[in-house]
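# A closer look at the structure
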Amino acid sequence: MSQRIPEDKKVRRRRHLSAKAVDKLKAHRGMATWGERLVPLGEFKSAVQSYGRELDEEEREAERRAYLEPRPDPTPV
Amino acid sequence: MTTATATDEAVRERVALDGAAEDGAAQDVAAPVETARAVPRVELRSLDTLWFQVAGTICNLACSHCFISCSPTNRTHDHLPLAEVRRYLAEAVELGVKEYYFTGGEPFLNPDMEAILEATLEVGPANVLTNGLLLDPDRCRRLAAMAEASPYSLDLRISLDGYDAESNDPIRGEGTFDRILAGAQASHEAGINPVMTVTEVHASNGTPEGRRKFIDLLRSLGIERPRLKILPVFQIGAEAGRSGAYETWQMLAEGDVPEGSWEHLQCSSCRMVTDQGVWVCPILVNEPEGRMGATLADTLDTYPLGHPACWTCHVHGVSCKT
């Protein structure tokens, strides 16, 4: 027996989704949330790439070393 | 060293536009009034907590108060694969991170989630923020076995927004109250006492009487020592549409957080890994200016508190961790 759904049944199934449910499914199709705005996904992703430090490996190693260096503790003992 | 410049520029722009709005000149966007208002910068004192946006913004729910508007189709951020998590764990261990948190979206939608937890529990305590819908008894037993085999703890944080279906379901979705409680019960029965996380989406949730109702509810599930965490709402994402966005005065200015007195701000001790790099904290992941770099080493710099959500963190002393 064929597993394919006859064309008319496909249409009927689609009609079973409420307008609200369809809206929800479409809400983010290809869109990203940037704060409260919906923007094209590509726009968000390219904006993201313009922020943040991109250090090279040597600079990263220097950052890690500086971070791990013990800091002076002013607590009187 | 482009981070500070780009982020500071964005903050200046926001402040300038806010200044224009206050002056009644909001329409003149082309010529914003540049103000001298500066914002405090927070030093990363110690990277104690590392967060993973492990499910991105993909969730099986679409809660009306979600500050990053997660939904089944929101791919602003995508899943983090196991290999990527491992790379960050290795760097985190080197930097002395003490604990790990996993959030989304719904973390258990990530097919690698259990393997990710197994890898994490080799190096430190793990906490998962979940909506509880995918916590069936089998999964909970597997998680409990994983925790048992590890020298570190595994905590589950389950979100709930009302002490009955009438108050929870309009926020989290039809039928979710019962399913969340079923998840909490499965977790408890497997031996993991869940932390129920409740937002103040209803003002009564955080009152002594509200807390009592949640505690009683958890006791009714057989949880003898209920664990409850109350969080304020952030007026961003879906919540801005529900209860309104921040007002222009809800911004921190220089002097609001004196230098060195920022221990209460989680950005002084955490960072957030996403599929697009490392962000300053779990709250600002839908703000490109929250991105600090590609690796943890890129993000050890100070960060300007230039977003209105920073005001909520400062005023309420919010910490997303348990």
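Below you will find a few notes about this structure. Since the model is a prediction, treat every value here as computed from it, not as a measurement. (Residues numbered from 1 in each chain as written. Chains lettered and ligands numbered in written order. Predicted model: local features only at pLDDT ≥ 70, side-chain atom pairs only at ≥ 80, totals over all residues.)

### Points about the overall build of chain B
Put simply, the rule reads: Strands are runs of DSSP state E lasting at least 2 residues, helices are runs of H or I lasting at least 4, and numbering of each runs from the N terminus. Once C-beta atoms are placed from the backbone, each residue is buried if 20 or more other C-beta atoms lie within 10 Å of its own, exposed if 12 or fewer, and partly exposed for counts between those two. For every residue pair, C-beta atoms are placed from the backbone, and the pair is scored as a contact if these atoms sit within 7 Å.
On a plain count of helices and strands, chain B comes out with nine helices and 11 strands. In chain B, buried positions account for 49% of the 322 residues. In chain B, 73% of the contacts between residues at least 6 apart in sequence involve partners at least 24 apart.

### Comments concerning the overall build of chain A
A tally of regular secondary structure across chain A gives four helices and two strands. Within the span of chain A, comprising 77 residues, buried residues form 16% of the whole.

### Quick notes on helix α4 (residues 137–149) of chain B
Residues and elements named next belong to chain B. The criterion, for reference: Take the number of residues in a helix, subtract one, and multiply by 1.5 Å to get its expected span. Directions drawn from the helix axis to the C-beta atoms are what define this arc.
Across its 13 residues, α4 extends 18 Å between first and last C-alpha, which sits within 8% of the 18 Å expected from 1.5 Å per residue. If you check which residues of α4 are buried, you get C140, L143 and A147. Looking straight down α4, one finds its buried side chains confined to an arc of 65°; they lie on one side. Turned more than 90 degrees from where α4 packs its buried face, D138, A145, E148 and A149 sit exposed.

### Regarding the sheet that holds strand β8 (residues 270–274) of chain B
All names here are of chain B. Under the convention used in this document: For two strands to be treated as a pair, DSSP must find at least two bridges joining them. Angles here are taken between N-to-C directions and fall from 0 to 180 degrees, while the axes themselves are lines fitted to C-alpha atoms, restricted in helices to the stretch in contact.
What the nine strands build is an open sheet, ordered β7-β6-β5-β4-β3-β2-β8-β9-β10; its pairing is mixed. Two strands bound the open sheet, and with one partner strand each, they are β7 (227–231) and β10 (291–293). Neighbour-to-neighbour, the strand axes of the sheet open up by a mean angle of 30°, direction not taken into account. As paired elements, strand β9 (residues 277–279) and β10 share two bridges and run antiparallel to each other. Bridge pairing in β10 links V278 to G293.

### Describing the environment of A145(B)
Structurally, A145(B) is set in helix α4. For the pair A145(B) and G191(B), spaced 46 residues apart in sequence, the C-alpha separation works out to 9.3 Å.

### Considerations on the interface of chain B and chain A
Applied cut-off: Residues are grouped as follows: nonpolar covers Ala, Val, Leu, Ile, Met, Phe, Trp, Tyr, Cys and Pro; charged covers Asp, Glu, Lys and Arg; every other residue, Gly included, is treated as polar.
Between chain B and chain A, the residue contacts involve 35 residues of the former and 25 residues of the latter. Where the side of chain B that touches chain A is concerned, the elements lending two or more residues are α1 (2–22), α2 (82–95), α8 (238–243) and β10 of chain B. The leading source of residues in the side of chain B that touches chain A is α1(B), at four residues. In terms of residue class, the side of chain B that touches chain A is built from 13 nonpolar, 15 polar and seven charged.

### Brief notes about the nonpolar core
Applicable threshold: Think of a nonpolar core as buried Ala, Val, Leu, Ile, Met, Phe, Trp, Tyr and Cys residues chained together by C-beta atoms that fall within 7 Å.
One finds L50(B), F52(B), F102(B), W279(B), C281(B) and A309(B) to be the most contacted residues of the largest nonpolar core, which totals 85 residues. Per element, the largest residue contribution to this core is five residues, and it comes from helix α6 (residues 176–190) of chain B.

### Here's the deal with the pairing of strand β1 (residues 31–34) of chain A
All names here are of chain A. Relative to strand β2 (residues 37–40), β1 runs antiparallel, the two being bridged by four bridges. Each residue of the ladder has a partner; that of W34, found in β2, is R37. Between the antiparallel neighbours β1 and β2 lie two residues, among them G35 with a positive phi of about 60°.

### Let's talk about the packing of α2(B) against helix α3 (residues 113–120) of chain B
Residues and elements named next belong to chain B. Inclusion rule: Angle categories are assigned with fixed cut-offs, so that under 35 degrees is roughly parallel, over 145 is roughly antiparallel, 65 to 115 is roughly perpendicular, and the rest are oblique. Helix crossings are classified by the rotation of the near helix relative to the far one: an anticlockwise turn of less than a right angle makes the crossing left-handed, while a clockwise turn makes it right-handed.
In the contact formed by α2 and α3, the axes pass within 10 Å of each other and the chain directions differ by 20°. Viewed along their axes, α2 and α3 adopt a mutual orientation that is roughly parallel. Crossing hand, α2 versus α3: right-handed. Across the interface between the two elements, L82, V85, R86 and L89 from α2 touch A115, I116, A119 and T120 from α3.

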